Amino acid sequence: MLEKIDHIGIAVNSVNEVKSLFKKIFNLEPLFEEEVSDQKVRVVGFKCGDSNLEFLEPLNAESPIARYLEKRGEGLHHVAVGVKDIDEALNRLKSTNVRLIDENPRMGAEGKKIAFVHPKSVFGILLELSQE
Ligand code: ZN
């Protein structure tokens, strides 16, 4: 059911700072950069083998990432695993007692279908399911 680590999501104050740092230390350009209006974030993704590193900057104070930064500062926000069929995966989780943040998939970066599982149900990690 789990195909790979799709990406690691990291909360930051400024994706521009990440871009200049990655240019300087890895000579790396972003794979993509976009705004995800649903989450009110600007996302910059870097390719890292078969996975991506995604840096998330809040677009405004209502963004969940703004609240996260306020509480905990910059750092690891979530781990996303790639699944073939997100509806099937969600149905399977619903049939157990796993607490879901998203009962239904929504649109993430790169046009992927995503859904979050509550950290309380998975050992303190905010887990994202992601389908191409
Ligand atoms: Zn993500």
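Residues numbered from 1 in each chain as written. Predicted model: local features only at pLDDT ≥ 70, side-chain atom pairs only at ≥ 80, totals over all residues. Heavy atoms only, no water.

Draft legend 1. How the structure looks around the nonpolar core. Ranked by size, the top nonpolar core spans eleven residues in total: Val-81, Val-83, Ile-86, Ala-89, Leu-90, Leu-93, Leu-100, Ala-115, Val-117, Val-122 and Leu-129. At the level of elements, strand 5 (75-83), helix 3 (86-94) and strand 7 (113-117) are the ones that each hand at least two residues to this core. If one sorts the elements of this core by residue count, helix 3 sits on top with four residues. Setting aside residues no more than four positions away along its own chain, Val-83 makes contact with Met-1, Leu-2, Glu-3, Ala-89, Leu-129, Ser-130 and Gln-131. (Core = buried A, V, L, I, M, F, W, Y, C linked by side-chain atoms within 4.5 Å. Buried < 20%, exposed > 50% of the residue type's maximum accessible area, 1.4 Å probe, protein only. Helix = DSSP H or I, 4+ residues; strand = E, 2+ residues; numbered from the N terminus. Contact = heavy atoms within 4.5 Å.)

Draft legend 2. Main features of the packing of aromatic side chains. If you walk through the whole model with that rule in mind, you get four aromatic pairs. Ring centres of Phe-22 and Phe-55 lie 5.4 Å apart, and the angle between their planes is 80 degrees; this geometry places the pair in the edge-to-face category. With Phe-22 in helix 1 (residues 15-26) and Phe-55 in strand 4 (residues 51-58), the pair connects residues that are 33 residues apart, well separated along the chain. Ring pairs connect the aromatic residues Phe-22, Phe-26, Phe-46 and Phe-55, which therefore count as one cluster. (Phe/Tyr/Trp six-rings, centres within 6.5 Å; stacked < 30°, edge-to-face > 60°.)

Draft legend 3. Geometry of the side chain of Asp-6. Mapped onto the secondary structure, Asp-6 falls in strand 1 (residues 2-11). Not counting the four nearest positions on each side in its chain, Asp-6 is found in contact with Ser-51, Asn-52, Ala-80, Val-81, Gly-82, Lys-112, Ser-130 and Glu-132.

Draft legend 4. Inspection of the sheet that holds strand 4 at higher detail. Taken in spatial order, the eight strands make up an open sheet running 2-3-4-1-5-8-7-6, and their pairing is mixed. A single partner strand is all that each edge strand has here, and the edge strands are strand 2 (32-36) and strand 6 (106-107). Taken together, the two bridges between strand 6 and strand 7 define a ladder with antiparallel strand orientation. Counterpart to Met-107 in the pairing with strand 7 is Lys-113. (Pairing = 2+ DSSP bridges.)

Honestly, it's all geometry; don't read function into it.
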